[in-house]
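# Fold and geometry: a report
The primary structure of each chain is shown beneath.
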Amino acid sequence: MRCGILTRKKLRLAVLVSGGGTNLQAMIDRSGAGALKAEIVVVLSDRPDAFGLERASMANIPAFHVDYKSIPKLAAADLEKLDLPVDPADLDRRQKIVRNPDPVERRSRLARLVLAERELIRIIDSFQPDYICLAGFMRLVTPYFINHFNAGGLKILNIHPALLPSFPGQHGYEETLQYGCKWGGITVHFVDEGEDTGPIIAQTVYPIRPGDDIGKIRERGLLLEYELYSQVINWLAQGYVLLKSSPGGRTRVEITDPNYGAILAGWIEKATVGRDVSS
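What comes next is a walk through the structure.

Between the first and last C-alpha of helix α1 (residues 22–33) there are 16 Å, a value that for 12 residues agrees with the 16 Å anticipated at 1.5 Å per step. Listed as buried for α1 are Asn 23, Leu 24, Gln 25, Ala 26, Met 27, Ile 28 and Ser 31. Buried residues along α1 sit in contact with β2 (11–17), β3 (38–45), α2 (51–58), β5 (131–134), β6 (156–160) and α8 (214–237).

As a packed pair, helix α7 (residues 172–179) and α8 sit with axes 10 Å apart at the nearest point and diverge in direction by 125 degrees. Relative to α8, α7 is oriented oblique. For α7 against α8, the interelement crossing comes out right-handed. Counting all contacts with α7, which are made through Tyr 173, Glu 174 and Leu 177, the residues of α8 involved are Ile 214, Ile 217, Arg 218, Gly 221, Leu 222 and Glu 225.

Further remarks concern the packing of aromatic side chains. If you walk through the whole model with that rule in mind, you get 6 aromatic pairs. Seen from their ring centres, Phe 145 and Phe 149 are 5.0 Å apart, and the 65 degrees between their planes marks the pair as edge-to-face. Of this pair, Phe 145 and Phe 149 both sit in helix α6 (residues 143–150), 4 residues apart, which is roughly one turn of the helix. Relative accessible area serves as the criterion here: at 0%, Phe 145 is assigned to the buried category. According to the relative accessible area criterion, Phe 149 is buried, its value standing at 11%. Here the aromatic cluster, defined as three or more aromatic residues joined through ring pairs, consists of Trp 235, Tyr 260 and Trp 267.

To continue, consider the pattern of salt bridges. Across all of its chains, the model carries 14 salt bridges by this definition. The shortest N-O distance in the salt bridge between Asp 90 and Arg 93 comes to 3.7 Å. Taken together, the residues Asp 90 and Arg 93, both in helix α4 (residues 88–94) and 3 residues apart, mark about one turn of the helix. The exposure class assigned to Asp 90 is partly exposed, which follows from its relative accessible area of 29%.

Let us look at the pairing of β2. Burial within β2 is extensive, with 6 of its 7 residues counted as buried. Relative to β3, β2 is paired through 7 bridges, and the arrangement is parallel. Note that in β3 the partner of Leu 16 across the bridge is Leu 44. In the sheet, β2 pairs with β5 via 4 bridges, with the strands oriented parallel. If you follow Val 15 over to β5, its bridge partner there is Cys 133.

In this section: the packing of α1 against α8. Interaxial distance between α1 and α8 falls to 9 Å at its minimum, and their mutual angle equals 55 degrees. By the angle between their axes, α1 is oblique relative to α8. Viewed along their axes, α1 and α8 form a crossing whose handedness is right-handed. Each of Thr 22, Asn 23, Ala 26, Met 27 and Arg 30 in α1 lies in contact with α8, whose residues at this interface are Leu 222, Glu 225, Tyr 226, Glu 227, Tyr 229, Ser 230 and Ile 233. Per-class residue counts for the contact of α1 with α8 are 6 nonpolar, 3 polar and 3 charged.

What follows deals with the sheet that holds strand β4 (residues 63–65). Judged by pairing direction, the sheet is mixed, and its 7 strands sit side by side in the order β4-β3-β2-β5-β6-β7-β8 without closing on themselves. Only two strands of the sheet have a single neighbouring strand rather than two, namely β4 and β8 (200–207). This sheet shows a mean twist of 20 degrees between the axes of neighbouring strands, independent of strand direction. Of the pairings in the sheet, the one linking β3 to β4 comprises 3 bridges and is parallel in character. Paired with Ser 45 across the two strands is His 65, which belongs to β4.

Analysis parameters
- Residues numbered from 1 in each chain as written.
- Predicted model: local features only at pLDDT ≥ 70, side-chain atom pairs only at ≥ 80, totals over all residues.
- Heavy atoms only, no water.
- Helix = DSSP H or I, 4+ residues; strand = E, 2+ residues; numbered from the N terminus.
- Expected span 1.5 Å × (residues − 1).
- Buried < 20%, exposed > 50% of the residue type's maximum accessible area, 1.4 Å probe, protein only.
- Contact = heavy atoms within 4.5 Å.
- Axes fitted to C-alpha atoms, helices over the stretch in contact; angles between N-to-C directions.
- Parallel < 35°, antiparallel > 145°, perpendicular 65-115°, else oblique.
- Left-handed = near helix turned anticlockwise from the far one by under 90°.
- Phe/Tyr/Trp six-rings, centres within 6.5 Å; stacked < 30°, edge-to-face > 60°.
- Salt bridge = Lys/Arg side-chain N within 4 Å of Asp/Glu carboxyl O.
- Pairing = 2+ DSSP bridges.
- Nonpolar A, V, L, I, M, F, W, Y, C, P; charged D, E, K, R; others polar.

Structure, rendered in structure tokens:
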């Protein structure tokens with residue numbers, strides 16, 4: 001199945017952030033310069049002070065905060081009274097992200113996430129985006145959110161600062177360095193119900209040199225993040241992302257861009273010519 005929108009119109013993106021929004025800014029800049037075949041139609045954050053919201057406002061992009069922290073902890077009796085769009089027990093059976101051994105605590109957390117996600121969905125749907133881009137969004141997303149947008153195909157993207165399936169979770173840069181890897185990497189993948197387990201769309205790598213600290217490899221990696229995320233969006237806009245079923249049943253992604261090899265080689269050259277990609 002070909003994943004993408006074969007049209008001359010730009011893709012419509014909703015971008016979710018939790019912090020500074022540097023990937024968001026890279027998308028804004030590339031879109032403004034005509035280098036990104038997409039427009040950002042809305043930005044959302046779980047934090048009211050996220051600088052990504054200010055970046056959006058400065059670019060005249062609608063920006064919204066959905067307050068996760070205002071949703072109280074829920075007891076078992078509270079769950080039964082809530083008018084949730086999904087059944088907490090059924091959601092708990094399907095989900096793979098909340099691992100608390102106490103089922104009441106686990107379902108309470110899931111219910112709180114769903115209450116916030118219901119508001120996210122309401123806002124996002126009003127802008128009718130083609131894709132949802134997680135760009136440093138530090139909240140777990142439940143199957144309720146994922147299935148809402150993936151009902152007609154894979155529509156949620158995430159960028160991860162490691163070469164998945166290694167080092168999933170929030171600390172990809174740190175764990176890559178601590179493990180002693182000689183190469184770090186960046187992954188853009190579709191989002192499924194696991195933690196960073198969705199089909200990998202594209203990856204790129206950078207060297208870790210003797211004496212590098214976390215600040216240096218993060219700086220080096222971030223510059224590749226900006227290029228990789230935008231390139232993936234362009235591939236989707238051009239219809240160059242092909243989904244295939246592997247013999248084991250897992251969905252695999254093939255990039256059909258005739259310039260794919262040259263693009264990969266360009267990234268590797270930038271990272272390996274003996275200088276930082278920032279120079």
